[in-house]
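Given next are the chains, with one letter for each unit.
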Number of protein chains: 2
Amino acid sequence: MGEAMEDNAVVYVGDKPVMNYVLAVMTQFNKPVSSVILKARGRAISRAVDAAEITRNRFMPNIVVKDITISTEAIPNEEGKTVNVSSMEIVLAKQE
Amino acid sequence: MGEAMEDNAVVYVGDKPVMNYVLAVMTQFNKPVSSVILKARGRAISRAVDAAEITRNRFMPNIVVKDITISTEAIPNEEGKTVNVSSMEIVLAKQE
């Protein structure tokens, strides 16, 4: 009846204070999952970097940045047009 | 008397409009250099991602993101204390 360990979790970073996302990342790692992906778009990208750095430096020194990717997403706006927005994914994982 | 091709150039991303940095990256690649490193701190990080994405998607499709690293820098503030600020480096290179 043992539950399989979930492989990874996603934390979407938005406009809330950075510590909300740090806490979300730590909660996921304590479930436990083996990796947590921070996803952010536009101006929230800097906050995602802050969340990753604060998690590693202050709370979970055994976490490493495994991969970072950037891309462009076409988001529909209120007028029905699409605007291009930069997005980023930071993959955090427990050190082996 | 031939000049050696410089290996890489650094573009520091700050508060100016993003197209300034796109132009700076393109100017460096046309010198030519083999890679350009975009460096940014704090809230300028999202702008660095924008600059990388716009350069690749709109102007130089042969440029690839070779590496992205994030770190924390201790910056002295006006009161003589140091504050921790996230920083990012995006290494852009011409596709082989």
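Here we summarise the structure given alongside this text. These figures come from a predicted structure and were not determined experimentally.

### A few points about the layout of surface pockets
At step 1: Estimated volume of the largest pocket: approximately 1,000 Å³.
At step 2: Gly-42, Arg-43 and Ser-46 of chain A together with Arg-43 and Ser-46 of chain B are, among the 36 residues lining the largest pocket, the residues nearest its centre.
At step 3: Those elements that place two or more of their residues in the lining of the largest pocket are helix H2 (44-59) and strand S4 (82-94) of chain A together with helix H2 (44-59) and strand S4 (82-94) of chain B.

### Let's talk about the pairing of strand S1 (residues 8-13) of chain B
Residue and element names in this part refer to chain B.
At step 1: Along S1, the buried face is formed by Ala-9, Val-11 and Val-13; none of Asn-8, Val-10 and Tyr-12, which line the opposite face, is buried.
At step 2: Pairing geometry for S1 and strand S2 (residues 35-41), over 6 bridges, is parallel. Looking across to S2, one finds that Val-10 is bridged to Ile-37.
At step 3: For the handedness criterion, the β-α-β arrangement of S1, helix H1 (residues 18-29) and S2 is classed as right-handed.

### Observations regarding the sheet that holds strand S3 (residues 63-76) of chain B
At step 1: The strand order S1-S2-S4-S3 (chain B) describes an open sheet built from 4 strands, whose pairing is mixed. The sheet is open, and its two borders are formed by S1 and S3 of chain B, each paired with just one other strand. Here the strands of the sheet are splayed against their neighbours by 20° on average, with no regard to which way each runs.
At step 2: One ladder, built from 7 bridges, connects S2 of chain B with S4 of chain B; its direction is antiparallel. Following the sheet pairing, Ser-35 of chain B is matched in S4 of chain B by Ala-93 of chain B.
At step 3: Sitting on the sheet, H2 of chain A is in contact with S3 and S4 of chain B, with an inclination near 60° to S3 of chain B.

### Points about the sheet that holds S4 of chain A
Residue and element names in this part refer to chain A.
At step 1: Taken together, the 4 strands give an open sheet; going across it, the order is S1-S2-S4-S3, and neighbouring strands pair in mixed fashion. The sheet is open, and its two edges are formed by strand S1 (8-13) and strand S3 (63-76), each paired on a single side. Each strand axis lies, on average, 20° off the axis of its neighbour in the sheet, ignoring direction.
At step 2: Strands in contact with helix H1 (residues 18-29) are S1, strand S2 (35-41), S3 and S4; relative to S1, the strand with the most contacts, it is inclined by about 175°.

What counts and what doesn't
Residues numbered from 1 in each chain as written. Chains lettered and ligands numbered in written order. Predicted model: local features only at pLDDT ≥ 70, side-chain atom pairs only at ≥ 80, totals over all residues. Heavy atoms only, no water. 1 Å grid on protein atoms, 1.4 Å probe; cavity = no way out; pocket = protein on both sides within 12 Å on 5 of 7 lines; lining within 4 Å. Points joined across faces, edges and corners; volume = space filled by probe spheres on them. Helix = DSSP H or I, 4+ residues; strand = E, 2+ residues; numbered from the N terminus. Buried < 20%, exposed > 50% of the residue type's maximum accessible area, 1.4 Å probe, protein only. Pairing = 2+ DSSP bridges. Right-handed = clockwise from strand over helix to strand, strands pointing away. Axes fitted to C-alpha atoms, helices over the stretch in contact; angles between N-to-C directions. Contact = heavy atoms within 4.5 Å.

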